[in-house]
Amino acid sequence: MSFKKQDIYKALETITAPGEGKSLIENENVTNVVSFGNEVIVDVTISNPSLQAKKKIEVEIMKAIHEHVDQKIDVKVNVKVEVQQKENPNQIRGKEIPNIQNIIAIASGKGGVGKSTITSNMAVSLAKMGFKVGVLDADVYGPSQHLMFDVEREKPLAVNVNGRSKMKPIESYGVKLLSLGFFTDPNQAVIWRGPMASKALNQLIFDADWGELDFLLIDLPPGTGDVHLSIVQAVPINGAVVVSTPQNIALADAKKGVAMFKQESINVPVLGIVENMAYFTPAELPNNKYYIFGEGGAKRLAEDIETSFLGEIPLVQSIREAGDVGHPVALQENTPLAEAFTEATKEMVSQLLKRNANLPPTEVVRITTMSGCSTK
């Protein structure tokens, strides 16, 4: 039996460090490798103190050495747990995702205002403008982007990237997509506590081969809960877009959504507000506008809270029909609906360019209470 220590290190490069998206070697988890004849001792340090995590990494190391070096090697793994202490324990630094230029969160204070419709059509509009676009469906309890892009029967494949297994996003209409809808039974409710949902999202973010993207749009769940906090802790979000309908009760919740991002403890710039279902226009009377839910509510809210109004999207049956069949209306050419989404998207990009020119990168979230929000 003949092997070099370098062969062992090369084998360990195929193992992904827990929750890091990097190999054990790249993340410097392996502190020492010693070999005596056919015996190899690997010292590894991890940050997860659970017995399951320690056993898992031990098994993966033994398996990798046996598969990539020699089946007859007697492998011993010494696992040490070391929780890294930050200079300020109330700071959590979001990790950049390689080759993704801008990460935009699409949020709403309440459900049913069309946030996922806005996300899918903005993504298509960006792709039509020539940008490289991805969508992460972070609505863990009610994922819908796989339906809106007509890929509900698709399954992401595993691909080898630099010796590590990663998920390959599904591509539709020029947009790369990952959603928990690909991995869950459509007839079963997703009953997860916050930590499990956050772990699943981290896997979709960091264990995916997104490639090069100009924009990654994150379709958040309604409200201001645990998933939102997990996202802003996990990645450096460039800005947020808040979706609302015009009526007062929706605007009150949208205001809370904006306030969440503006919290000193979160501090994600709000690029603006989109007013969805702004007015109804019947097909037989294209010049008529009926303000069913009130007029100009989101525009006034944007003025009140000193953020930008990105545009208004009408309440039209074809938007709903297009979403149901998985063919976003933004794919249309030279129609009023496609133009409405294009104009809102252009305004979002304009606000993003101003934000990137005038503000430093978003990368630190300060946790000031157990819930992640300040007590002020």
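Coordinates for the structure precede this section.
This is a predicted model, so every value here is computed, not measured.

A. Highlighting the nonpolar core. Of all hydrophobic cores here, the largest spans 45 residues; its most connected members are Ile97, Trp210, Leu216, Ile218, Ile231, Val235 and Phe261. When contributions to this core are tallied by element, the ones reaching two or more residues are β5 (100–107), α5 (194–206), β11 (213–219), α6 (226–234), β12 (239–244), α7 (248–262), β13 (270–275) and α8 (297–304). With 6 residues, the top contributor of residues to this core is α5. Counting 36 residues, the second-largest nonpolar core is a separate cluster that includes Leu126, Val135, Val175 and Ala322.

B. Representation of the packing of helix α1 (residues 5–12) against helix α2 (residues 51–68) in the model. Two numbers describe how α1 lies on α2: the axes approach to 9 Å, and their chain directions differ by 120°. Taken together, the axis directions place α1 and α2 in an arrangement best described as oblique. Pair α1 / α2 crosses with right-handed handedness. Across from Ile8, Ala11 and Leu12 in α1, the residues of α2 making contact are Ile61, Ala64, Ile65 and His68. The class makeup of the residues in the contact of α1 with α2 is 6 nonpolar, 1 polar and no charged.

C. Representation of the packing of aromatic side chains in the model. Applying the stated criterion across every chain, the model contains 4 aromatic pairs. Relative to Tyr173, the ring of Phe149 lies with its centre 6.2 Å away and its plane at 35°, an arrangement referred to as tilted. Highlighted residues: Phe149 in the loop between α4 (145–148) and β7 (157–161) and Tyr173 in the loop between β9 (170–172) and β10 (175–179), separated in sequence by 24 residues.

D. Highlighting the side chain of Thr307. Within the secondary structure, Thr307 sits in the loop between α8 and β14 (309–312). Those residues in contact with Thr307, other than ones at most four positions away along the chain, are Val270, Leu271, Gly272, Ile273 and Ala302.

E. Representation of the sheet that holds β10 in the model. Spatial ordering of the open sheet is given by β9-β10-β6-β11-β5-β12-β13-β14, a layout of 8 strands whose pairing is mixed. Every other strand in the sheet has two partners, leaving β9 and β14 as the edge strands with one partner each. Taking each pair of neighbouring strands and ignoring which way they run, the sheet shows an average axis angle of 25°. Pairing geometry for strand β6 (residues 133–137) and β10, over 5 bridges, is parallel. Counterpart to Gly134 in the pairing with β10 is Lys176. Running over the sheet, helix α10 (residues 336–358) touches β5, β11, β12, β13 and β14 and is turned about 175° from β14.

Criteria and cut-off values
Residues numbered from 1 in each chain as written. Predicted model: local features only at pLDDT ≥ 70, side-chain atom pairs only at ≥ 80, totals over all residues. Heavy atoms only, no water. Core = buried A, V, L, I, M, F, W, Y, C linked by side-chain atoms within 4.5 Å. Buried < 20%, exposed > 50% of the residue type's maximum accessible area, 1.4 Å probe, protein only. Helix = DSSP H or I, 4+ residues; strand = E, 2+ residues; numbered from the N terminus. Axes fitted to C-alpha atoms, helices over the stretch in contact; angles between N-to-C directions. Parallel < 35°, antiparallel > 145°, perpendicular 65-115°, else oblique. Left-handed = near helix turned anticlockwise from the far one by under 90°. Contact = heavy atoms within 4.5 Å. Nonpolar A, V, L, I, M, F, W, Y, C, P; charged D, E, K, R; others polar. Phe/Tyr/Trp six-rings, centres within 6.5 Å; stacked < 30°, edge-to-face > 60°. Pairing = 2+ DSSP bridges.

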